[in-house]
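Descriptive analysis of the structure
If you want the building blocks of each chain, they are given just below.
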Protein chains: 2
Amino acid sequence: MRVAEAGQSWFVAGLAGMCIGINAALISIITAWLSDLKMGYCSDGWWLNRQFCCWEIEGDSDGCDSWHPWSPAWAVRWIVYTIFASVFSFTAAHLVRSIAKYAAGSGISEIKCIIGGFTMKGYLGFGTFFIKSMTLPLVIASGLSVGKEGPSVHVACCIGNLVASLFSRYSRSQGKMREILTASSAAGVAVAFGSPIGGVLFSIEEMSSIFSIKTMWRSFVCALMATATLSAMNPYRSGKLVLFQVTYDRDWHFFEIIVFVILGIFGGLYGAFVVKFNLQVAAFRRKYLGSFPVSEAVLLATITALVGWFNRFIRIDMTESMSILFRECQGGGDYDNICQTSEQWTMVNSLFLATVLRIGLVIISYGCKVPAGIFVPSMAIGATFGRMIGIMVKALYRAYPRSSMFAVCQMDVQCITPGTYAFLGAAAALSGIMRLTVTVVVIMFELTGALTYILPTMIVLLVTKAVGDFLGTNGIADEMIRFNGYPFLERDDESYNVPVSRVMKRDIRTLPASGLRVRDIEDRLASTQIKGFPIVSADGTGLLVGYIERADLRHILDKAPHVQDISPDTPCSFLPDEGDQNHASLRVDIPGIAAGPAVGVDDDISMEIIETIAIPNVLKFWPWVNRTPLTVAPQLPLEVVMQLFKRMGPRVILIEDHEVLSGLVTVKDVLRFTVTEQSPARSPWDEREF
Amino acid sequence: MRVAEAGQSWFVAGLAGMCIGINAALISIITAWLSDLKMGYCSDGWWLNRQFCCWEIEGDSDGCDSWHPWSPAWAVRWIVYTIFASVFSFTAAHLVRSIAKYAAGSGISEIKCIIGGFTMKGYLGFGTFFIKSMTLPLVIASGLSVGKEGPSVHVACCIGNLVASLFSRYSRSQGKMREILTASSAAGVAVAFGSPIGGVLFSIEEMSSIFSIKTMWRSFVCALMATATLSAMNPYRSGKLVLFQVTYDRDWHFFEIIVFVILGIFGGLYGAFVVKFNLQVAAFRRKYLGSFPVSEAVLLATITALVGWFNRFIRIDMTESMSILFRECQGGGDYDNICQTSEQWTMVNSLFLATVLRIGLVIISYGCKVPAGIFVPSMAIGATFGRMIGIMVKALYRAYPRSSMFAVCQMDVQCITPGTYAFLGAAAALSGIMRLTVTVVVIMFELTGALTYILPTMIVLLVTKAVGDFLGTNGIADEMIRFNGYPFLERDDESYNVPVSRVMKRDIRTLPASGLRVRDIEDRLASTQIKGFPIVSADGTGLLVGYIERADLRHILDKAPHVQDISPDTPCSFLPDEGDQNHASLRVDIPGIAAGPAVGVDDDISMEIIETIAIPNVLKFWPWVNRTPLTVAPQLPLEVVMQLFKRMGPRVILIEDHEVLSGLVTVKDVLRFTVTEQSPARSPWDEREF
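Residues numbered from 1 in each chain as written. Chains lettered and ligands numbered in written order. Predicted model: local features only at pLDDT ≥ 70, side-chain atom pairs only at ≥ 80, totals over all residues. Heavy atoms only, no water.

**Regarding unusual backbone geometry**
At arginine 435 of chain A, a residue that is not glycine, the phi angle is positive and equals roughly 55°. Looking at the secondary structure, you find arginine 435 of chain A in the loop between helix H17 (418–434) and helix H18 (438–448). (Helix = DSSP H or I, 4+ residues; strand = E, 2+ residues; numbered from the N terminus.)

**Quick notes on the sheet that holds strand S7 (residues 571–573) of chain B**
Residue and element names in this part refer to chain B. Spatially, S4-S7-S8 is the arrangement adopted by the three strands of the open sheet, whose pairing is mixed. Looking at which strands have only one partner, the edges of the open sheet turn out to be strand S4 (514–517) and strand S8 (619–620). Bridge count between S7 and S8: two bridges; the pairing is parallel. Looking at S8, one finds that serine 573 is bridged to lysine 620. The sheet contacts of helix H21 (residues 518–527) involve S4, S7 and S8, and relative to S4 the element is tilted by about 75°. (Pairing = 2+ DSSP bridges. Contact = heavy atoms within 4.5 Å. Axes fitted to C-alpha atoms, helices over the stretch in contact; angles between N-to-C directions.)

**So, the pattern of salt bridges**
By the definition in use, this model includes 20 salt bridges over all chains. A salt bridge links arginine 519 of chain B to aspartate 569 of chain B, with the shortest nitrogen-to-oxygen separation between them at 2.7 Å. Of this pair, arginine 519 of chain B sits in helix H21 while aspartate 569 of chain B sits in the loop between helix H22 (550–559) and S7, and the two are 50 residues apart along the sequence. Residue arginine 554 of chain B pairs with aspartate 558 of chain B through a salt bridge whose shortest N-O separation is 3.2 Å. Placement of the pair is arginine 554 of chain B and aspartate 558 of chain B together in helix H22, with a separation of four residues, close to one helical turn. According to the relative accessible area criterion, aspartate 558 of chain B is partly exposed, its value standing at 41%. The network of salt bridges with common partners includes Lys112, Glu206 and Asp478 of chain A. (Salt bridge = Lys/Arg side-chain N within 4 Å of Asp/Glu carboxyl O. Buried < 20%, exposed > 50% of the residue type's maximum accessible area, 1.4 Å probe, protein only.)

**Some remarks on the pairing of strand S10 (residues 652–657) of chain A**
Residues and elements named next belong to chain A. Bridge count between strand S9 (residues 631–632) and S10: two bridges; the pairing is parallel. For valine 632, the partnering residue across the bridge sits in S10 and is isoleucine 655. Tracing the backbone out of S9, into helix H24 (residues 638–648) and back to the parallel element S10 gives a crossover that is right-handed. Note: S10 against strand S11 (residues 660–666), six bridges, orientation antiparallel. From the neighbouring strand, aspartate 657 faces S11, where its bridge partner is valine 660. Where S10 folds back onto S11 in an antiparallel hairpin, the turn is made up of two residues, including histidine 658, whose phi is positive at roughly 50°. (Right-handed = clockwise from strand over helix to strand, strands pointing away.)

**Structural notes on the side chain of threonine 302 of chain B**
Residue and element names in this part refer to chain B. The topology assignment puts threonine 302 in helix H12 (residues 293–308). Polar contacts involving the side chain of threonine 302 include one to the side chain of serine 86, which spans 3.2 Å. If we ignore the near neighbours within four places in the chain, the residues touching threonine 302 are Thr82 and Ser86. (Polar contact = N/O pair within 3.5 Å; in protein donor to acceptor, adjacent residues only side chain to side chain.)

**Some remarks on helix H10 (residues 213–233) of chain B**
Spanning 21 residues, H10 of chain B covers 30 Å between terminal C-alpha atoms, matching the ideal 30 Å at 1.5 Å per step. Immediately beyond the C-terminal end of H10 of chain B, within one or two residues, lies asparagine 234 of chain B, with a positive phi of roughly 45°. (Expected span 1.5 Å × (residues − 1).)

**Looking at the nonpolar core**
Grouped together as the largest cluster of nonpolar side chains are 275 residues, with contacts concentrated most on Phe326 of chain A together with Phe326 of chain B. Leaving out residues up to four positions away in the same chain, phenylalanine 326 of chain B has contacts with Phe244, Val246, Tyr248, Ala383, Gly419, Thr420, Ala422, Phe423 and Ala426 of chain B. In this structure, Met504, Leu638 and Phe645 of chain A together with Val665 of chain B belong to the second largest nonpolar core, which totals 42 residues. (Core = buried A, V, L, I, M, F, W, Y, C linked by side-chain atoms within 4.5 Å.)

**Focus on the interface of chain B and chain A**
The interface is formed by 57 residues belonging to chain B together with 57 residues belonging to chain A. Where chain B abuts chain A, roughly 5,500 Å² becomes buried across the two surfaces, and 80% of that area is made up of carbon and sulfur atoms. The tally of links between chain B and chain A comes to zero salt bridges. Where chain B meets chain A, there are zero residue pairs in polar contact (both at pLDDT 80 or more). Listed by contribution, the elements that provide at least two residues to the side of chain B that touches chain A are helix H9 (196–207), H10, helix H18 (438–448), helix H19 (454–471) and helix H24 (638–648) of chain B. (Buried area = accessible area lost by both parts, 1.4 Å probe.)

Nothing here speaks to function; it is all geometry.
This is the structure in structure tokens:
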């Protein structure tokens, strides 16, 4: 039994991982083809991208006879490029708008809330999955300054949700489903960066609200299967999982720590700047652009294409530009003369322009109504900035090779590797915007495999984190949660100095322990969307005796008629009577703190329980009643209640005053209070039932 | 204020890391010298180890004129080798026995408990630190089949404790101290394996009971500083942080997955086997060898030296043997003809013998009364087994190069790399014995930097984990906790079906809210070692009004005389009266769930609070009284109480029945119950106050 259960959870996590890997490979292939289509076409077959079209020809990237640019004239090429960008973005935005609105945006904030216990119907459904997978390649190919990593996490969670829904143990237990979602988010990052361990850490550092070794292990299995599948499908035919993998042969020198500090400061400032202005753009978008999502996306893509064409680093795909910037100069790294001393100041200008332009584009683009992530754009910005710094340091070294700063450089080897600065800059920017640390180190490490660059990466992130902490920046995902008013408790504790009784809902719907008939329960279920009902004693004193989930009520009402005669007049009972005492062995393991004894068991077991306890003319709910729900006293400080929510993860906490039920509190009640305390703005989610 | 606090916590973590790095470098240098001393001496200076003695001579390891073996005759060398081993182990065991008993063993189990909330006075003191650092090189050099990784974690935690004790914010708050200990354990693993991120993951996966982003970040800073310091000190003068770092150029093939599965199965079986028999040896040791710790250690070292001399892989240091086994054959990897086809069966025999012998030696040695870890011995065993399998597969390939299994091997390159199997075998054995997964992947990855070997490592560990789960093995650290009866709640939940009232202590010492004098409180403190007192109403009804920590009582009794006149007859008050209401602003942020308002604040702030509220003739304790301690109802199931302990981390939970204090439960009470439920054996810790 236990072994079968463990086996099933491995199987589900593995299967989800495999599907995520396959989907990621398909997205990669389509994206590469669409991106190249903007530039030209392959005469050997329209379905070939430039790399496959020129597969036979090694080396020089320009000399391939089968690949034809759209026109010899650059102006025509520019126009075709822009037209393709507009068409792609129009298609994507239109599909999102008309079929699956939830496919817009990054999705990380929402999934964080869903894993934290929030329910958004349809957010992880098939429609969202399908449209997001379909439109993601279009958006990336359109050249918009958005990345595929956030959406990849969302798509992965959709897949995890869809796969797990096939198994009743998962579809009926929210807690188990959340574990699978956490694992899927790990796999999403794993395939996006080719970094399985980075994915596992992402799921720990960013996504999961309650850490457990079991969840970590599921993430591990899911990320492993996803990466292995992707690796077996080998979408780039190069053995690499992502375009911008790189290896370094050289070591770093202690004097470079000065540069690492500069890069770290840049990362911190970049994060603070982008978060601040992107939120203002988001507010503007909500106010004025709400009804024009398609036009907005097309306009952004057109502007990006028109302007970006003139900068060599913005014109090409972001991942491609990163792979160019990260490389060492030796061994084919000299794209467009980037390594030539004669061109160094042109390059610095070009990189500086690319950095500034891209920052502007990211600020206005992230959040528009197409699938859009911010990981890769941030990395690309960090890479252009880092490479610029790298070229400048190299120029400095060339100018003063005998200065004491460069004393450790032996004169015969390349002392400064600008590519590594690009790499570290990318790490800094990513960490600055997401406020992740260990995850970023591991992801960057898995991209390079360079043992020697772990310490520099850590030093850079230390500085980035210090700058971010000093400026009080939050990660963009958390800011978006706050901006959208989602019910999510932040991990930092604040002090409010109020008892929970000021926050609790007093007007609650309860069920008496006895005296109701099936008809009454159906009526109550129909009249409200509330997710669960406290059960109070039937004598009118209001003594709390238990709690039952709506889903379990529904389940028994649906299943019981197969076993016993149920009419609308059958009385219902929520407490065991004497005759039930000998069924005490029916109590099974408690899967979660706020769950009742028989909650979440398999269908066949629940049928068996219903059968065992069935007596004529009474419908018994007691095996599903949680007799010891989480209760607190009304004078308990709100901070402690928030900690209980965060660490114990219940959906509701009941407030009991001298054994009498006096109120009920959910995460949403807490958040409504904290929001109104901080600002009078009302959250758009306030009116929904939670 | 906030910035200064954050700065201080960074500073403390960083300083602790730096000290840990320096200590680790010293231990490495002394260990290398002592290890070589068994074999011979350097005529250029007795303080030089073989590597530094032969520093000038590159290449051939035997041809160094300054290094002299003790004798040309192997029998004499054998005897000298054995004598040194005995002397080293005698010195170590004697020092441990006579000065610092806590320096014995690995220490990971104990630190896990300490981080979980258990207090062991002196376990992290200077004596333990000093003796453990001193004797660790002796033990490693004596050739005993024990490793330095566990002790390295213990020593690191001692350093963290000593460093943090210098700062009042840490020395007065158990919670903050635990965070520093978690961070130090990360640094301990980081320096032992040269794997900073592996250390951070170790602290998450193995050590910390409550996960928080803040703790993770502190571990990151501490591990970074430790590794950077070690790297700057460069103890091996090779740029490597540990001897067995290795790089692979080759890729793996899909058919090798069969071998990976074999290695994974070996890892799982190894773990189950060693844990089982080592526990039996531990029981035997406790029963019969308790009074002969020194003789036992000397005997073990002598046997190991006498027998081990005849096996080329046991004779040398374990880390050295791993570095040999991990290597590819090209580029100087051909130690003792290990790569020669002609020698292959001799090697297989030798490796098989080494595996079996070492397993036996580990089973009898781990747990003897000297500093002793099990990480490296396990890895060494996995490495010998893996290399053996590797040589066999290579022989198979040589015999049937055209079989369909080897179809993917191109005939011109080396298809099988036995070194990688040794590497994967080491990962499997380490994971099998510790039941760690993600940590082991990261550590192995940081040892090689081989991107291509992440997937194989993950596959191997997947199998190891499956085998271990199937056999129901627990990690050896957890088994040792159980064996020693330490109060530690395991992470897995079990079902007991009893209410907490069956487990709670009913006979508890309380303080009335008023009516006591200073003398009475001093008396009560002197009469018991209890760590805190519930406060009940003074009217005899026993209504619970709060909880105060013993440390805070003591603190105020010590500090208040500086501010106001205190005589033994001064009345004490634990509740604010009307005059105190205007001091409500004194309530500061609650640092931990079970902590009171002013608990753990800096000395100057607490003096200020005492001054502010001081009125003549009353000593006021109320700012330190936690008015809302964690309370539960007596009928709450034990499982939920265990979850509360694990996730919320309080020291005690009070049991309140209709507002009246009816009992108190600590982790130890819970464990005593679970132990007596499972077996009638009594824990030796039962009698201590917790």
